[in-house]
Amino acid sequence: MPTRPYLFYGLTNSLCSQCLTKVEAKIIFQDSGVYLAKHCPTHGREEVLIADDIDYYRQTQAFIKPGDLPLKFNTPIKYGCPYDCGLCPDHEQHSCLTLIELTDRCNLTCPICYADSGVDELGGRAQRRRHRTLAEIEQMLDVIVANEGEPQVVQLSGGEPTIHPDFFAVMELVKARPIKHLMINTNGLKIAQDREFCERLNEYKPGIEIYLQFDSFEADTLLELRGADLRAIRQQALARLNELNLSTTLVVTVKKGLNDHEIGKIIDFALQQRCVRGVTFQPIQAAGRLEGFEPKQNRYTLTEVRRAILEQTHHFNPQDILPVPCHPDSLAMAYALKVQGKVVPLTGLFDTPTFVDMVPNSVLYEQHPELKQQIFDLFSTSHSPSSAATSLKQLLCCLPLVPVPTGFTYENIFRIMIVQFMDAYNFDVRSVKRSCIHIVHPDGRIIPFDTYNLFYREGSAGQAMVTALQQSSNMPGITY
Ligand code: SF4
Ligand code: SF4
C-alpha cells in the first residue's frame, strides 16, 4: 500500500496567492521543510515553504500561552477572519507594538515599499500622498491609548515620519500620553543630514528609540532595495546617533539571494556601535510596491534567518534564539548582554517552561522591570561559585573572559529579533489571530500589520475584496 510522501501535521486557512480568496491549507512536513498545501478552485494547487526547520516549527507550539487582551475591541465579528479587522473580539493578542503612520510621503522611493510611499506622485494615487493632520494623529494616538491603557510600544512610521512638518508637535502629543516606549521608524536621511533635528530629538530621551533602516553594506543591494546607494547616509546617521548615544535598533529587510549573506556581518557591526541596542531582521512581506521580487527565489522564512544567524556569527547557539510567546510563529528573539564588545546570550539560560512562564506577552522584555531585574540578578549571581544551576555554571565558564562592570543598564542589552510578517503566500489564519504588531487606521480601527498591507491599506491588493464583501451583506455583527 503506498504511503503519503509527507506528514500531515495540521489544518488551517490561508489565501490563494493569486486572487487572495480564503482557502483551506494543510500544514505538511516534507523532507526537511514545513509547507502550506493549498487548493484554490480557480488557480489550483499551491505549496509554500513556511519553515525549513521542522524541529523549530514544532518547538514554537510549546511557546504558546494565553494571550493578553486589549481593553476594548473596535469592530464586530461579521464575515470571518481576516475580513473583520479590527481588532475584532476574535483576536487573540493585544497590541505589543502599534504603528502610527504620520504621512504617506517619503524622501526615498524604495522599489520594495509595503506602504507604496515615495517622492513621486505615482499614478492616480496622488491624492492620498499627504501628511496626516495633527488632529488625525491625536485621534489615532487616543485610539491606541483607549485600547491599551498604557501602550508598551508605539512606533511613528509612514512614509518617512521625520519629514512630517509638525514632527515635534507629534512628539509632544506622544509625550502627553502614557506611552511607555516610542520608536521612530526611519530611513535615516534626516538624521544623517540635519544635526539640529537630531539634537532636538535627543531631548526626548529616555524612552525613545530609533528604528533605523540598515539593509546592507553593498551599493548594488541598496540600489535594488532602496533605489539609492545609502552607504554614506547610514554611516553619517550612525555617527550622529553614536555621538548622542540615542538608542537605536538596526532594521534589516532581507531578500533571499540578495543580502542574506550579510546577516552575520551586520550583527558584528551592530555590536561595535555604542548606540545600537539590537538588530531586527524582517524577510520581505510580499505586499505593496514590490519590484524585482520573485517569490520562488526571494521568499525567505523566519527559520532561514535563524539558521543564517547561527551559521554566520559565533555569538548564539540554537537554544538562544527562541520563539516569542505572544506570537511564536512569526517572532523569534535572542536577548544578550553586551559588555565591552563581548556578547553573553541570556535567553538560552532558561528552560522552555520557565521562559514561557517568565516572559510577558511583549516584544520588548526590558520594558518589564521585574524581568529586567531577574536577568540582571542572574548575571550578577553568576559570579558566585556556589551557584548550583547548570545554566549558571555554563555562564561561569564564560565569565573570566568578560570583565563585568558593576552597573548594568539598558545600554548593556542587545536584542536580536526576527519578525516575519505574513503575506498571501504564508498566510495562516490560526497564526494571524495572534499577531501583536498592529497599525492604527485613521478611522479608529487597529489592524494587524499582516492584514493591513493585504486588505486594508488604501490601494492594497485585497481592499476591493473586503469592501465588496462588506457592501454585499448587512448581517449583524457579534460583539462581546
Ligand atoms: S486578524 Fe484578528 S482582528 Fe482581523 S479578523 Fe482576524 S481575528 Fe479579527
Ligand atoms: S520603504 Fe520606507 S524609506 Fe522606502 S519609500 Fe517606503 S516609507 Fe520610504
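Residues numbered from 1 in each chain as written. Chains lettered and ligands numbered in written order. Predicted model: local features only at pLDDT ≥ 70, side-chain atom pairs only at ≥ 80, totals over all residues.

Colleague: Would you mind going over the overall build of the chain with me for this structure?
Modeller: Of regular secondary structure, the chain possesses 16 helices and 18 strands. In the chain, which comprises 480 residues, the share counted as buried stands at 46%. Restricting the contact set of the chain to residue pairs at least 6 apart, pairs at least 24 apart contribute 72%. (Helix = DSSP H or I, 4+ residues; strand = E, 2+ residues; numbered from the N terminus. Buried ≥ 20, exposed ≤ 12 C-beta atoms within 10 Å, placed from the backbone. Contact = placed C-beta atoms within 7 Å.)

Colleague: Just checking my understanding: could you explain the pairing of strand 9 (residues 208-213) for this structure?
Modeller: Each regular strand carries side chains that alternate between the two faces of the sheet. Burial within strand 9 is extensive, with five of its six residues counted as buried. Here four bridges tie strand 9 to strand 10 (residues 248-254), and the two strands are oriented parallel to one another. Bridge pairing in strand 10 places Leu212 opposite Leu250. (Pairing = 2+ DSSP bridges.)

Colleague: For this particular structure, what's the right way to read the confidence of the model for the chain?
Modeller: Detailed reading of predicted coordinates is not advised where the pLDDT is low. Scored by pLDDT, the chain comes out at a mean of 86, with 85% of its residues at no less than 70. Note that residues 123-127 has pLDDT below 50 and, in this model, two contacts with residues that lie over four places away or in other chains. Confidence drops under a pLDDT of 50 for residues 378-405, and excluding neighbours within four residues, the segment shows 23 contacts in the predicted structure. (pLDDT = per-residue confidence, 0-100.)

Colleague: Could you clarify how one ought to interpret the site of ligand 2 in this entry?
Modeller: Within the structure, ligand 2 sits among Cys106, Leu108, Thr109, Cys110, Cys113, Ala115, Ser117, Gly118, Gly158, Gly159, Glu160 and Asn187. Among the residues forming the shell around ligand 2, the class breakdown is five nonpolar, six polar and one charged. (Near = placed C-beta within 6 Å. Nonpolar A, V, L, I, M, F, W, Y, C, P; charged D, E, K, R; others polar.)

Colleague: Got a minute to help me understand the sheet that holds strand 4 (residues 44-51) in this structure?
Modeller: Hydrogen bonds between backbone groups are what pair the strands of a sheet, and the pairing can be parallel or antiparallel. In space, the four strands of this open sheet follow the order 1-2-3-4, with antiparallel pairing throughout. The strands lining the two open edges of the sheet, one partner per strand, are strand 1 (7-15) and strand 4. The mean inter-strand angle of the sheet, taken between neighbouring strand axes irrespective of direction, is 30°. Bridge analysis of strand 1 against strand 2 (residues 22-30) gives eight bridges, and the strand direction is antiparallel. Paired with Asn13 across the strands is Glu24, a residue of strand 2. (Axes fitted to C-alpha atoms, helices over the stretch in contact; angles between N-to-C directions.)

Colleague: Help me understand the environment of His441, please; the structure alone is not making it clear to me.
Modeller: Along the chain, the position of His441 falls in the loop between strand 17 (437-440) and strand 18 (446-448). Overall, the presence of 20 C-beta atoms within 10 Å leaves His441 in the buried class. Separated by 15 residues in the primary sequence, His441 and Tyr456 place their C-alpha atoms 8.7 Å from one another.

Colleague: I tried to follow the pairing of strand 2 on my own but got confused; where do I start?
Modeller: Here strand 1 folds back onto strand 2 in antiparallel fashion, the turn holding six residues, of which Leu20 has a positive phi close to 65°. Sheet analysis places strand 2 next to strand 3 (residues 33-40), joined by six bridges and oriented antiparallel. Along strand 3, the bridge assignment pairs Gln30 with Gly33. Counted along the chain from strand 2 to the antiparallel partner strand 3, the turn is two residues long, and its residue Asp31 has a positive phi close to 50°.

Colleague: What exactly am I supposed to notice about the nonpolar core here?
Modeller: Note on soluble globular proteins: their nonpolar side chains tend to be buried together. Counting 113 residues, the largest nonpolar core has Ile100, Leu250, Val305 and Met333 as its most contacted members. Not counting chain neighbours up to four residues away, the residues in contact with Leu250 comprise Leu212, Phe214, Ile266, Ala270, Val276 and Val279. (Core = buried A, V, L, I, M, F, W, Y, C linked by C-beta atoms within 7 Å.)

Colleague: Help me out: how do you make sense of the environment of Ile64 in this one?
Modeller: Along the chain, Ile64 turns up in the loop between helix 1 (54-61) and strand 5 (97-101). Classification of Ile64 as partly exposed rests on a count of 16 C-beta atoms within 10 Å.

Colleague: I would appreciate a short explanation of unusual backbone geometry in the present structure.
Modeller: Where the residue is not glycine, phi is negative for most of them; where a peptide bond is considered, it is trans in most cases. The amide bond that connects Cys81 to the next residue, Pro82, takes the cis arrangement and shows omega of 15°. Within the secondary structure layout, Pro82 lies in the loop between helix 1 and strand 5. In this structure, the amide linkage connecting Lys205 to the following residue, Pro206, adopts the cis form with an omega of -10°. You can see Pro206 is positioned in the loop between helix 5 (195-202) and strand 9. The backbone of Leu20 sits at a positive phi, close to 65°, despite the residue not being glycine. Examined against the element boundaries, Leu20 turns out to sit in the loop between strand 1 and strand 2. Note on Leu20: 20 C-beta atoms within 10 Å, which makes it buried. We note that Asn245 has phi near 50°; this positive angle belongs to a residue other than glycine. Considering the arrangement of structural elements, one finds Asn245 in the loop between helix 7 (231-244) and strand 10. Exposure remark for Asn245: the 12 C-beta atoms within 10 Å place this residue in the exposed category.

Colleague: What exactly am I supposed to notice about the packing of helix 8 (residues 263-271) against helix 10 (residues 302-312) here?
Modeller: Relative placement of two packed helices is described by the angle separating their axes and the distance separating the axes. It is at 8 Å that the axes of helix 8 and helix 10 come closest, and there the two elements cross at 65°. Our pair here, helix 8 against helix 10, has a crossing hand that is right-handed. Side by side, helix 8 and helix 10 meet where Ile263, Gly264 and Ile267 of the first sit next to Val305, Ala308, Ile309 and Gln312 of the second. Looking at the contact of helix 8 with helix 10, its residues break down into five nonpolar, two polar and no charged. (Left-handed = near helix turned anticlockwise from the far one by under 90°.)

Colleague: Looking at this structure, I do not really get the environment of His43. What am I missing?
Modeller: Mapped onto the fold, His43 is located in the loop between strand 3 and strand 4. What makes His43 partly exposed here is the crowd of 14 C-beta atoms within 10 Å. The sequence separation of His43 and Cys16 amounts to 27 residues, and the corresponding C-alpha distance is 7.6 Å. Apart from the residues within four sequence positions on either side, His43 is in contact with Cys16, Gln18 and Cys19.

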